[in-house]
Amino acid sequence: NTPTTVPSTYEAFRIAGGWDFDRKFFDFPDAAFIASFLAAVREHYAMTLDYKVRDYIIAEAAASGFASQTSLLKAVLLATKKVKRNTRAKATFILVNDDDMDSLFDITNDDVSAFLSLLGIEPENIRSTPDIAAGLIYAGVKQAATVRELPGASPIRVEAQNLTKAGIDEAFFGYAAIEEHHTTGIVKQAFDATP
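Residues numbered from 1 in each chain as written. Predicted model: local features only at pLDDT ≥ 70, side-chain atom pairs only at ≥ 80, totals over all residues. Heavy atoms only, no water.

### With respect to the pattern of salt bridges
Part 1: Enumeration over the complete set of coordinates arrives at six salt bridges.
Part 2: Residue arginine 23 is joined to aspartate 27 by a salt bridge in which the shortest nitrogen-to-oxygen separation is 2.7 Å.
Part 3: A relative accessible area of 25% means that arginine 23 is categorised as partly exposed.
Part 4: A salt bridge links aspartate 55 to arginine 54, with the shortest nitrogen-to-oxygen separation between them at 2.9 Å.
Part 5: The partly exposed category is assigned to aspartate 55, whose relative accessible area is 40%.
Part 6: In this structure, a network of salt bridges that share partners links the residues Arg54, Asp55 and Asp131. (Salt bridge = Lys/Arg side-chain N within 4 Å of Asp/Glu carboxyl O. Buried < 20%, exposed > 50% of the residue type's maximum accessible area, 1.4 Å probe, protein only.)

### A word on a nonpolar patch on the surface
Part 1: Taken together, Leu150, Ile156, Val158 and Tyr175 make up a surface patch of nonpolar side chains, about 290 Å² in accessible area.
Part 2: If you trace the backbone, tyrosine 175 turns up in strand β8 (residues 167-180). (Patch = residues over 30% accessible without salt bridge, like charges linked within 9 Å, V, L, I, M, F, W, Y side chains within 5 Å. Areas by Shrake-Rupley, 256 points an atom, 1.4 Å probe, with all protein chains shown as cover. Helix = DSSP H or I, 4+ residues; strand = E, 2+ residues; numbered from the N terminus.)

### Description of the packing of aromatic side chains
Part 1: If you walk through the whole model with that rule in mind, you get seven aromatic pairs.
Part 2: When the centroid spacing of 4.7 Å and the interplanar angle of 80° are considered together, the rings of phenylalanine 21 and phenylalanine 37 count as edge-to-face. A residue pair is termed long-range when its members are at least 10 positions apart, and phenylalanine 21 in strand β1 (residues 12-22) and phenylalanine 37 in helix α2 (residues 31-60) qualify at 16 residues. Note on accessibility: phenylalanine 21 and phenylalanine 37 belong to one class, buried.
Part 3: Within the aromatic cluster, the residues linked to one another by ring pairs are Trp19, Phe21, Phe25, Phe26, Phe33, Phe37 and Phe172.
Part 4: Its guanidinium or amino end placed over the ring of phenylalanine 13, lysine 52 lies 4.7 Å from that ring's centre, counting from NZ or CZ. (Phe/Tyr/Trp six-rings, centres within 6.5 Å; stacked < 30°, edge-to-face > 60°. Lys NZ or Arg CZ within 6 Å of the ring centre and 35° of its normal.)

### Observations regarding the layout of surface pockets
Part 1: Taken as a whole, the largest pocket encloses approximately 510 Å³ of empty space.
Part 2: Elements with a contribution of two residues or more to the lining of the largest pocket: α2, β3 (93-97), β4 (126-129) and β6 (145-149).
Part 3: Among the elements that line the lining of the largest pocket, the one with the most residues is α2, at six residues.
Part 4: Taken together, the residues that form the lining of the largest pocket break down as twelve nonpolar, five polar and five charged.
Part 5: The calculated volume of the second largest pocket comes to roughly 160 Å³.
Part 6: Lining the second largest pocket we find 13 residues, and of these Asp100, Ser103, Asp192, Ala193 and Thr194 sit closest to its centre. (1 Å grid on protein atoms, 1.4 Å probe; cavity = no way out; pocket = protein on both sides within 12 Å on 5 of 7 lines; lining within 4 Å. Points joined across faces, edges and corners; volume = space filled by probe spheres on them. Nonpolar A, V, L, I, M, F, W, Y, C, P; charged D, E, K, R; others polar.)

### Examining the nonpolar core
Part 1: Core analysis: the largest hydrophobic core is formed by 31 residues, its most contacted members being Ile94, Ile137 and Ile186.
Part 2: Sorting the residues of this core by element identifies β1, α2, α3 (72-87), β3, β5 (136-140), β8 and β9 (186-190) as the ones contributing at least two each.
Part 3: Ranked by the residues each element gives to this core, the list is headed by α3, at five residues.
Part 4: Core analysis: the next-biggest nonpolar cluster, separate from the first, contains six residues, Ile34, Phe37, Leu38 and Val41 among them. (Core = buried A, V, L, I, M, F, W, Y, C linked by side-chain atoms within 4.5 Å.)

Here it is, written out as structure tokens:
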């Protein structure tokens, strides 16, 4: 058939950082120091991009439309059910607060596997994090949005002489955007998180 296109708009954001180093690290090369610094920058950049995605999930999640549930597993069931109804696809991720995961301690491994399989939920797709509020779970499909980065090496490394401070400036710049494809591909569901 003949392919068609549709316009797509999304707002890009920048992740940037810069440091001024005493030039002694470069005049008397300390390869281990420079390598560890570069590794730390790349790790921090990746974590910052992950936080941007997390914030997007929390901000853009649509309410499931179901009442608050009495347990975590019931909330997971309804949230994944709503995702499937909205997108015709199984949820590929479920985010749960770290402390809320404690409510699963009394369930045996056999029970969890059988129960989740019955519901079409992959246990490895349930991720716990301290970064979301207790009493809420977020479920969605990865096809709901695409994370786009500037092509090529990312982040971009820039080095410049800082003559007045006898230093070398190191800076890193990354550009990314989150392009939404499905406004209800991520949902949130409340449940009673009291112990």
